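Overview (structure and organization)
Each chain, letter by letter, is given below.
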Amino acid sequence: AAGKALRNKHRRISMGSYKTPPKRKDPVSILEKQAKTRLPELVPIRHARMLTSPFAFYRGNAAIMSADLAATSKDTGLLVQACGDMHMANFGVFASAERNLVFGINDFDETQPGPWEWDLKRLVASVVSGGRFLGADKALCEDAVRSTVQSYRKRMKQYAWMGNMELWYNTMKEKDVLEALSPSAREGALRIIGKARERTHMQVLGKMTDLVDEKYLLKESSPFVVRATKTQSGMPIKEAIGLFLESYIPSLADDRKHLLMQYRIADVARKVVGVGSVGTRCWVIFLTGKHANDPLFLQLKQAEKSVLASYVDKSAYANEGQRVVSGQRLIQGAPDIFLGWGEIEGIQFYVRQLRDMKGGVEFDPAKVKVGNLPQYTSLCGWALALAHAKSGDPAMLAGYVGNSEELDDAMVKFAFAYADQNEKDYDLFVKAIKANRIHASIA
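Since the structure is predicted, the reported quantities are computational estimates derived from the model, not experimental observations. (Residues numbered from 1 in each chain as written. Predicted model: local features only at pLDDT ≥ 70, side-chain atom pairs only at ≥ 80, totals over all residues. Heavy atoms only, no water.)

Some points on the pattern of salt bridges
Using the following cut-off: A pair is scored as a salt bridge if a Lys or Arg side-chain nitrogen falls within 4 Å of a carboxyl oxygen belonging to Asp or Glu. In this description a helix means any DSSP run of H or I spanning at least four residues, a strand means any run of E spanning at least two, and both kinds are numbered starting from the N terminus. Think of it in three bands: residues with accessible area under 20% of the maximum for their type are buried, residues over 50% are exposed, and the middle band is partly exposed, with areas taken using a 1.4 Å probe on protein chains only.
Counted by the stated rule, this structure contains 28 salt bridges. A salt bridge links Asp356 to Arg99, with the shortest nitrogen-to-oxygen separation between them at 2.9 Å. With a gap of 257 residues between them, Asp356 in the loop between β13 (347-353) and α15 (373-391) and Arg99 in the loop between β2 (91-95) and β3 (101-105) connect regions that are remote in the sequence. Asp356 gets classed as buried once you look at its relative accessible area, which sits at 6%. Taken together, the salt bridges that share partners define one network made up of Glu142, Arg146, Glu405 and Asp409.

If you want it as structure tokens, here you go:
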């Protein structure tokens, strides 16, 4: 009832309005500011990846969109643990601690408490931007947005009536996902699930290492995977990683500490990952256990301030890696057993397993059945509702979003308006590269 009453103050249909802010920051300057804290030799790779399409640009524009949302959205005051970079490529399947596959959000670099509607707005705008990239027409894009929001509303109402413990343990299990899909979409989902099951540490061992003098070492592929002997300050890499692990281990539960302490470091390399994350410091640590067929691959990823940080309350955590990990533990529901955080030489990191039973949709127009887009985005809306229900007040949210299509109509309007804004920003980005204001290079 309280959520429903909130509609009188914040009309749902008003969420559809988007106009370019009158004193809007130049989007390229926002990217330039981000580049100042990143490894300069990798920044052109980030720009090159964003250059491939407006959707790729969207995947790297979280800082730009956060500024726009803060300037144009009158938030409802209902806070959740926001993802902060909620687009449809940031979902996938991953393994629970019990080795069961579940579906959910899989990127938490920008997570911080914030308005629930910012996540939903970023998601629906990505549906239009990504849909256009995949070849969907306007009608299909609209259908996919409506499917996203309807799923969010429907699931939120279910979660509002669940007990606290029932909601806490709730996940989107493999069986649940498959039952929600048509036979055509289920076929593609089974392929993704099958590939995820194959992505074990042994598979990574075969793909990312070579046997050198009877010892496995990480393969180099400059500039994407590079072995370095020293940090920027001159400290030997293995010594630095050893010190980092000493700061990381206290963030783990005792049983995980015991497990990790049975491994030793075999090799370390820097790795370029993602689109928006390129340029941040990311390392792969290859560890071995009892024998050569007992590998463990951990990924250390630099954690910077969330793109939401300038527009919401200050983070409760001094370490940005702890901010990421705490947010992920709260809303993912089945986090990585080695999820933790640490610091070395003033750089804050979080840690997770590399690729372990993880998988997702390949956003390639040649590989995706674009007609299944609404079914996929329905799963995204479901996963977002679960994350918001776990971290916010599902009864208030359910009361506000309601049963009618008023919020759906608003989100359709917003999604197309912001996808158009993103394409204008992409054009400015392309011009900046052509003018040598910023640089793009894959090597």
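With respect to the environment of Met162
For the record, the criterion: The contact criterion used is simple: two residues touch if any of their non-hydrogen atoms lie within 4.5 Å.
Mapped onto the elements of the fold, Met162 is located in the loop between α7 (138-160) and α8 (164-169). In this structure the C-alpha to C-alpha distance between Met162 and Ala389, which are 227 residues apart in sequence, comes to 10.0 Å. Leave out the neighbours within four places in its chain, and Met162 touches Leu167 and Asn170.

Notes on the sheet that holds β2
Selection criterion: Strands are labelled as partners when DSSP assigns at least two bridges between them. Axis definition: a line fitted to C-alpha atoms, limited for helices to the stretch in contact. Angles are taken between N-to-C directions and run from 0 to 180 degrees.
Taken in spatial order, the 3 strands of this open sheet run β2-β3-β5, and their pairing is antiparallel. In this open sheet, the two edge strands, each paired with only one partner strand, are β2 and β5 (172-173). Pairing between β3 and β5: 2 bridges, direction antiparallel. Of the residues in β5, the one forming a bridge with Val102 is Lys173. The strands touched by α15 are β2, β3 and β5; relative to β3, the strand with the most contacts, the crossing angle is about 80°.

A word on the nonpolar core
Test applied: What we call a nonpolar core is a set of buried Ala, Val, Leu, Ile, Met, Phe, Trp, Tyr and Cys residues that are connected through their side-chain atoms within 4.5 Å.
Ranked by size, the top nonpolar core spans 99 residues in total, and within it Met88, Phe91, Phe103, Trp116, Val145 and Tyr152 carry the most contacts. Sort the elements by how many residues they give to this core and helix α17 (residues 406-434) lands first, with 14 residues. Once residues within four sequence positions are removed from consideration, Phe91 is found in contact with Met86, Phe103, Gly104, Ile105, Asn106, Leu123, Gly360, Tyr376, Cys380, Ala383 and Leu384. Counting 21 residues, the second-largest nonpolar core is a separate cluster that includes Leu260, Ile285, Phe338 and Val351.

Here's the deal with the sheet that holds β13
For sheets, the rule is that strands pair by backbone hydrogen bonds, running either parallel or antiparallel. What the 6 strands build is an open sheet, ordered β8-β9-β10-β11-β13-β12; its pairing is antiparallel. At either end of the open sheet lies a strand with only one pairing partner, and these are β8 (225-226) and β12 (340-344). Alignment of β12 against β13, held across 5 bridges, turns out to be antiparallel. Directly across from Gly342, in β13, lies its bridge partner Phe349. Packed onto the sheet, helix α11 (residues 201-208) meets β9 (264-271), β10 (282-288), β11 (295-302) and β13 and runs at close to 80° relative to β11. Running at roughly 35° to β13, helix α14 (residues 320-331) makes contact with β12 and β13 of the sheet.

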